[in-house]
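Spelled out, the chains give:
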Amino acid sequence: MGLAVAVLALDAWVRPATSGPALAQMPAIAVHGQPVQAASLQRVAMGDVPMPPGTQAAHASSLLPMPAGSATALSLFWFSGERESGPLVQIAATQWDRASGRWLEPRFVVNRETMGAVLGHGLRRLGNPVAWMDGQGRMHLFVVATGWGGWAASRVLHLRQSSASQALQDLAFEPVRVLPLSWLWNTSFLVRNAAFPLQDGGMVLPVHFELGIKYPVAVRLDAQGEFAGMTRISAQPYKLQPTLLAQSPSDWVALMRDERPAGKITAARSRNGGASWEDLPDLPLGNPDSAVAAFGLGPQQMLLAHNPTPEGRAKLDLSRSSDGLQWTWQQTLRQGTEEAEFSYPAMAWADDALWLAYTVDRATLSWQRFAPGGRP
Amino acid sequence: MSAPALPALGVMQLWLHVGWALVVAGGVTAVLARLTTRFTARVAVLRAVAAALAVWTMLPGPYSSAYWLGLAFQAPSGVLALVCGLLGWRALRTTKGQAPAGEPAGVLGLACVGVLGGWVLLMDAFAQWPWAVYGWGFGRAALAALTVMALLPLLHKDAYRRATAWLMPGALLLFAALRLPTGNVWDAVLDPWLWVFLHGVVLRAAYRRWRH
């Protein structure tokens with residue numbers, strides 16, 4: 001009896017205060033005091049992202065807006081190396097320099113050997129990174145790191161900024177931990193899409209399981225980046241890489257990649273701040289087993305970057321919606337020959353513009369910038 | 001749901017080595033002790049093997065077996081580490097032919113619950129239940145339920161004298177204080193390797209009961 005009391009008392013002492021209900025931070029992007037309308041966005045610039053020397057592969061970009069006082073507008077992270085899933089793959093980063101109006105020379109900021117040495121155990125390969133700024137203005141990176149096996153043996157490695165400065169030449173990260181997401185030797189969870197910000201300064205990190213079957217999960221972190229719980233978004237075994245949109249602080253929509261042949265963009269909805277989810281009918285948008293990225297500009301102003309054709313990833317479209325479920329085509333972002341690939345889009349808002357980054361042929365990254373009314 | 005508390009990185013780093021040292025050194029020593037060779041019958045040999053394995057696991061970086069075991073399996077559960085530590089300890093103390101006395105029925109009952117619980121968690125990993133069971137392991141209710149369950153074998157007469165009856169309570173105490181190994185209480189009391197081992201324990205007990 002005394003032992004039971006000791007266990008429960010120790011637990012109560014160690015455990016932090018219970019988090020309140022998760023409420024989404026509703027986007028309210030405005031330029032010159034005017035709310036931005038999705039339909040008004042026009043492309044004002046585009047180009048290629050410089051690659052680290054000697055790399056042949058690049059994939060899975062993640063954009064992070066920088067603070068207003070920073071010399072740079074955006075940070076961009078991706079994985080790069082000799083080939084996807086190669087032993088030399090590292091997490092690369094660059095930043096958009098406000099003064100020169102160009103991307104800085106990229107550098108590697110995360111290396112699997114260095115991180116493994118700190119953790120005390122090996123990391124076999126690195127993959128998708130997702131960047132986030134916490135309530136204290138510290139950068140976090142969530143990186144796919146595999147154990148013994150391929151992507152199905154993935155775990156989500158949580159890193160936190162360890163450098164005092166966020167300038168690209170100084171930027172450094174240290175491991176917080178591998179997020180505990182599964183009983184089965186903590187495999188096989190991956191991260192891909194952007195963090196979904198909450199009113200308390202925390203966020204929801206969309207992840208998915210992919211050993212044999214696929215299913216999406218929402219992981220909540222508090223304003224300090226501490227793990228605060230997890231909820232399964234769907235048990236349907238073909239939905240992966242969720243991207244989240246807020247219809248209201250407590251009504252959320254998850255849009256997902258579809259693993260099935262001739263798939264459609266799949267959907268789920270929560271009406272209680274992510275505490276529980278229900279599956280929705282598939283959207284009438286085709287999905288060639290390819291990542292989609294959603295972004296909220298404001299109430300009823302939502303954007304979706306997606307590959308619309310079931311045949312492949314040769315076309316990348318931008319669509320808009322007022323509820324996250326009914327989508328209207330806005331414009332084609334890129335289109336190439338049958339073998340071309342424009343995939344894994346990421347979006348962010350910085351310096352009065354929407355920025356979009358995506359993979360080109362798994363070898364390089366490109367970017368585009370959109371401004372209301374086409375005024376840069 | 002109550003807020004989860006996860007272990008600090010330093011504590012996890014230490015447990016990775018200590019936990020696997022107990023599993024590797026204790027487990028291998030216990031297996032060797034059961035082999036009837038002149039070599040393995042000598043306690044001095046077993047002690048040397050156990051010490052060598054423990055030192056190997058405590059080495060830093062890629063020179064350590066813990067580095068590679070952690071890559072594949074992360075850290076062991078508290079119960080697995082304590083089970084292997086106990087088996088190794090017994091192997092080093094007992095002489096050949098002195099098999100440990102039988103375990104109280106409650107401990108065997110816990111092993112059966114562990115086998116079933118592992119199946120539940122395995123199915124949950126593949127989203128085969130309507131609820132996400134693994135997530136409950138971060139909450140206070142799961143810890144309370146497991147604590148009550150862990151103490152049940154101690155209600156048997158003289159059970160408190162048996163070390164096996166203290167394995168699960170010990171692992172839960174380790175969890176409550178340090179959140180080891182992951183901050184999820186299911187990981188503290190059961191990992192996939194322990195689950196495989198428990199299948200052997202339960203099947204052996206069932207076979208013995210059938211024969212007698």
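You'll find the structure just up there.
A few points on the structure.

## Thoughts on the sheet that holds strand β12 (residues 173-178) of chain A
Residue and element names in this part refer to chain A. Within the open sheet, the four strands sit side by side as β9-β10-β11-β12. Their pairing is antiparallel. Each having just a single partner strand, β9 (126-133) and β12 make up the two edges of the open sheet. Within this sheet the neighbouring strands show an average axis-to-axis angle of 30 degrees, counted without direction. Relative to strand β11 (residues 154-161), strand β10 (residues 139-146) runs antiparallel, the two sharing seven bridges. Within β11, the position partnered with T146 by the bridge is S154.

## Thoughts on the layout of surface pockets
Using a probe with the size of a water molecule, rolled over the atoms, empty space left in the structure can be pinpointed. Residue and element names in this part refer to chain A. The space that makes up the second largest pocket amounts to roughly 1,100 Å³. Together, 47 residues line the second largest pocket, and Q25, P65, A195, P197 and F295 are the ones closest to its centre. Those elements that place two or more of their residues in the lining of the second largest pocket are β4 (57-65), β9, β14 (196-197), β18 (239-246), β24 (293-298) and β28 (342-350). The residue inventory of the lining of the second largest pocket, partitioned by class, reads 33 nonpolar, 10 polar and four charged.

## A look at a nonpolar patch on the surface
All names here are of chain B. Side chains of V55, W56, L59 and Y63 sit close together on the surface and give an oily, nonpolar patch of about 450 Å² of accessible area. Mapped onto the elements of the fold, V55 is located in helix α2 (residues 43-58). Residue class for V55 comes out exposed when judged on its relative accessible area of 53%.

## Some points on empty space enclosed by the protein
Considering all chains together, one arrives at two cavities of 30 Å³ or more under this definition. Considered as a void within the structure, the largest cavity measures approximately 310 Å³ in volume. As for the largest cavity, its lining consists of 23 residues, and the residues nearest its centre are M12, Q74, A75, P181 and T182 of chain B. Secondary structure elements with two or more residues in the lining of the largest cavity: β12 of chain A together with α1 (9-34) of chain B. The residue makeup of the lining of the largest cavity, split by class, is 14 nonpolar, six polar and three charged. The volume enclosed by the second largest cavity comes to roughly 130 Å³.

## Points about the sheet that holds β18 of chain A
Residues and elements named next belong to chain A. One open sheet accounts for four strands, arranged β18-β19-β21-β22; its pairing is antiparallel. Edge positions in the sheet fall to β18 and β22 (278-280), since each has one partner strand and no second. Averaged over all adjacent pairs, the angle separating strand axes in this sheet is 30 degrees, with direction ignored. In the sheet, β18 pairs with strand β19 (residues 252-258) via six bridges, with the strands oriented antiparallel. Within the sheet, the bridge partner assigned to T243 lies in β19 and is L255.

Parameters at a glance
As a convention, each chain's residues are numbered from 1 in the sequence order in which they are written. Lettering of chains starts at A and numbering of ligands starts at 1, both following the order in which they are written. Given that the model is predicted, a residue must reach a pLDDT of at least 70 before its local features are reported, and side-chain atom pairs must reach 80 or more before they are shown or counted; all residues, however, enter totals for whole chains, interfaces and linings. Heavy atoms throughout the structure, all of them, feed into the side-chain values; hydrogens and water do not. DSSP bridges decide pairing: two strands pair if at least two such bridges lie between them. Helix and strand definitions here come from DSSP, where helices need a minimum of 4 consecutive H or I residues and strands a minimum of 2 consecutive E residues; each element is numbered from the N-terminal end. Whenever a helix is involved, its axis is fitted only over the stretch in contact; in every case the axis is a line through C-alpha atoms, and angles between N-to-C directions fall within 0 to 180 degrees. A cavity, in this analysis, means grid points on a 1 Å lattice covering only the protein atoms where a 1.4 Å probe fits yet has no way out; a pocket is instead an open set bounded by protein on both sides within 12 Å along at least five of seven lines, and a residue lines either one if it has an atom within 4 Å of a point. Grid points are joined across faces, edges and corners, and a volume is the space filled by probe spheres set on the points. In the scheme used here, Gly and all other residues not listed as nonpolar or charged are polar, with Ala, Val, Leu, Ile, Met, Phe, Trp, Tyr, Cys and Pro taken as nonpolar and Asp, Glu, Lys and Arg as charged. Two distance rules govern patches: like charges are joined within 9 Å, and nonpolar side chains (Val, Leu, Ile, Met, Phe, Trp, Tyr) within 5 Å, applied only to residues with over 30% relative accessible area and no salt bridge. All accessible areas in this document rest on Shrake-Rupley with a 1.4 Å probe, and a residue is counted as covered only by the protein chains that are shown. Only one rule defines a salt bridge in this text: a Lys or Arg side-chain nitrogen within 4 Å of an Asp or Glu carboxyl oxygen. Buried means the residue's accessible area, taken with a 1.4 Å probe over protein chains only, is under 20% of the maximum for its type, while exposed means over 50%, and partly exposed covers the values in between.

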